[in-house]
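Descriptive structure summary
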Amino acid sequence: MKLQIQVDEKGKIVDARFKTFGCGSAIASSSLATEWVKGKTVEEALTIKNTDIAKELCLPPVKLHCSMLAEDAIKAALADYKLKQEPKKGEAEKK
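Source: prediction; values computed, not measured. (Residues numbered from 1 in each chain as written. Predicted model: local features only at pLDDT ≥ 70, side-chain atom pairs only at ≥ 80, totals over all residues. Heavy atoms only, no water.)

**Regarding the environment of Ser 31**
With respect to the element layout, Ser 31 can be found in helix H1 (residues 24-37). Note on Ser 31: relative accessible area 29%, which makes it partly exposed. Considering only alpha carbons, one finds Ser 31 and Asp 72, 41 residues apart in sequence, at a separation of 14 Å. (Helix = DSSP H or I, 4+ residues; strand = E, 2+ residues; numbered from the N terminus. Buried < 20%, exposed > 50% of the residue type's maximum accessible area, 1.4 Å probe, protein only.)

Dropping the structure here:
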């Protein structure tokens, strides 16, 4: 499960896309995650929990790992975004 986000200059997530190979529950969890992060700030998106995804999709206990993968994908995408912002901040300080 991979999640890509596009963030504007104000720190708001303007677009999100996913690529998931797996069962229908995994695909649904990914899709819901992309819908929920759009329009949120990076910090707001970090508050999305797997339990919220599982509850919204009415996932059975045997499929809860799908919602955990979606939460992990959100966190990974946000961590990647923050990591890529570090060099830009350093360059701005040098100028």
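Moving on, there is more to tell.
**Observations concerning the side chain of Ser 30**
Here Ser 30 shows up in helix H1. A polar side-chain atom of Ser 30 sits 2.6 Å from a polar atom in the side chain of Thr 20. What Ser 30 contacts, discounting residues up to four positions off in sequence, is Met 1, Phe 18, Thr 20 and Ala 70. (Polar contact = N/O pair within 3.5 Å; in protein donor to acceptor, adjacent residues only side chain to side chain. Contact = heavy atoms within 4.5 Å.)

**Notes on the UniProt feature "domain: NIF system FeS cluster assembly NifU N-terminal" (unreviewed entry) in the chain**
As annotated in UniProt, the feature "domain: NIF system FeS cluster assembly NifU N-terminal" (unreviewed entry) corresponds to residues 1-86 in the numbering used here. With 57% helix and 15% strand, residues 1-86 has its two end C-alpha atoms placed 25 Å apart. (UniProt positions renumbered as here; feature names shortened; annotations may be inferred.)

**Here we look at helix H3 (residues 50-57)**
Within H3 the residues assigned to the buried category are Asn 50, Ile 53 and Ala 54. In a view along the axis of H3, the buried residues occupy a sector of 95°, so they form one face of it. Opposite the buried face of H3, at more than 90 degrees from it, the exposed residues are Thr 51, Lys 55 and Glu 56. Cys 58 sits one or two residues past H3 and shows a positive phi near 55°. (Arc of directions from axis to C-beta.)

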